[in-house]
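What follows is the residue order along each chain.
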Amino acid sequence: MHRFFVETGQHRLFPGELLQLSDKLAHQVRDVLHLAVGEQLMLLDNSGDEIRCTVKSSNKAVVQVLVVERQAGKSESPLQIILCQGLLKSARFEWILEKGTELGVSTFAPILCRRSMAGLVDAGKAKIQRWERILEEAAEQCGRARRPALLPIRPLSHALSAIPTNAIALMPWEEEQGQSLRDVLQTVPLPYNQDQHLDTVVLFIGPAGGLLEEEVQLAQHYGVHSVTLGTRILRAETAALAAVANVMYELETRVRNSNGS
């Protein structure tokens, strides 16, 4: 079933209600997908619920749908991953947004590092809207009922000072020789919140030019573990997705079991 995020403000849609789709969504339903009257689609209001609807009327002016059922969507991972990604060229950064959403990242936090390319920090309104649209479409495609959050671009130092309490923070670095990502995830005591549950893993990934030693030292001052992802040098976007996948593999089930969920 086709899935679409919609903006409903504070209003919650319930069975029996009629909703007129926005012009953009109406075009998608009517002219691109050619959904006919009586066919169904799923609307998402970012509440975590899925809203099953039937096309009630469709013409060149408007498309209306009837709300049939409201139900809980697939639950989000109990493990919250904040991906602090050094700014990259648009295509590579957008690839991370799309694939990171599919892998379960909850928050994307673009950061400005010393080796970030000049000009990348000036992301205008149109680019931010494009990034948000990529997150939305990726969430629709992979079955998530909530969009990942996208934080404003900020310097690495600001992201470090904002690491949540009781989070574990990791920074893959090509010059790290002592401990691997797996070593840390399997041996370092994991911090727990007031309910005795691990809340968040924060991943810091450098830009295309890599991280400077002084940046890694600053991160370590904030309690970040520098780790290696192996003997091969990875592109920034490869490192980001490999780190996310490995963290999910090592910790998601462990956290879910500890949370009793």
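Located above this text is the structure these notes cover.
Residues numbered from 1 in each chain as written. Predicted model: local features only at pLDDT ≥ 70, side-chain atom pairs only at ≥ 80, totals over all residues. Heavy atoms only, no water.

Visitor: Summarise the overall build of the protein chain; cite the residues concerned and give the values.
Guide: On a plain count of helices and strands, the protein chain comes out with seven helices and 12 strands. Each principal axis of the C-alpha distribution contributes one length, and for the protein chain these read about 65 × 45 × 30 Å. Across the 261 residues of the protein chain, 46% fall into the buried class. Of the contacts made within the protein chain by residues no fewer than 6 positions apart, 77% connect residues no fewer than 24 positions apart. Total accessible area on the protein chain is roughly 13,400 Å²; 48% of this is exposed by carbon and sulfur atoms. (Helix = DSSP H or I, 4+ residues; strand = E, 2+ residues; numbered from the N terminus. Buried < 20%, exposed > 50% of the residue type's maximum accessible area, 1.4 Å probe, protein only. Contact = heavy atoms within 4.5 Å. Areas by Shrake-Rupley, 256 points an atom, 1.4 Å probe, with all protein chains shown as cover.)

Visitor: Would you mind going over the nonpolar core in detail, with residue names and values included?
Guide: Grouped together as the largest cluster of nonpolar side chains are 31 residues, with contacts concentrated most on Leu83, Leu170, Leu203 and Val247. Of all the secondary structure elements, the ones that give two or more residues to this core are strand E6 (80-86), helix H2 (90-103), helix H3 (125-142), strand E10 (168-172), helix H5 (181-187), strand E11 (200-205) and helix H7 (236-259). Ranked by residue count, the leading element in this core is H7, at nine residues. Aside from chain neighbours lying at most four places away, what touches Leu170 is Leu181, Val184, Leu185, Val201, Val202, Leu203, Phe204, Val224, His225, Val227 and Val247. (Core = buried A, V, L, I, M, F, W, Y, C linked by side-chain atoms within 4.5 Å.)

Visitor: Tell me about the sheet that holds strand E1 (residues 3-5), residues and numbers included.
Guide: What the five strands build is an open sheet, ordered E1-E3-E4-E5-E2; its pairing is mixed. What marks the edges here is a single partner per strand, and that holds for E1 and strand E2 (18-20). Averaged over all adjacent pairs, the angle separating strand axes in this sheet is 40 degrees, with direction ignored. Note that E1 and strand E3 (residues 40-44) share three bridges and pair parallel. Within the sheet, the bridge partner assigned to Arg3 lies in E3 and is Met42. Of the strands in this sheet, E1 and E3 touch H3, which is tilted by about 145 degrees from E1. (Pairing = 2+ DSSP bridges. Axes fitted to C-alpha atoms, helices over the stretch in contact; angles between N-to-C directions.)

Visitor: I'd like a description of the pattern of salt bridges, backed by residues and values.
Guide: Scanning all chains against the criterion turns up 15 salt bridges. Between Lys99 and Glu98 there is a salt bridge; the shortest N-O distance is 2.9 Å. On the accessibility criterion, Glu98 (31% relative accessible area) is partly exposed. (Salt bridge = Lys/Arg side-chain N within 4 Å of Asp/Glu carboxyl O.)

Visitor: Describe H3, with residues and values.
Guide: An α-helical turn contains 3.6 residues, so any two residues separated by three or four positions project in the same direction. For H3, with 18 residues, the first-to-last C-alpha span of 26 Å sits near the 26 Å given by 1.5 Å per residue. Of all the positions in H3, only Trp131, Ile134, Leu135, Ala138, Ala139 and Glu140 are classed as buried. Of the surrounding secondary structure, the elements contacted by the buried residues of H3 are E1, E3, H2, strand E7 (107-112) and strand E8 (149-150). The first or second residue beyond H3 is Gly143, which carries a positive phi of 90 degrees. (Expected span 1.5 Å × (residues − 1).)

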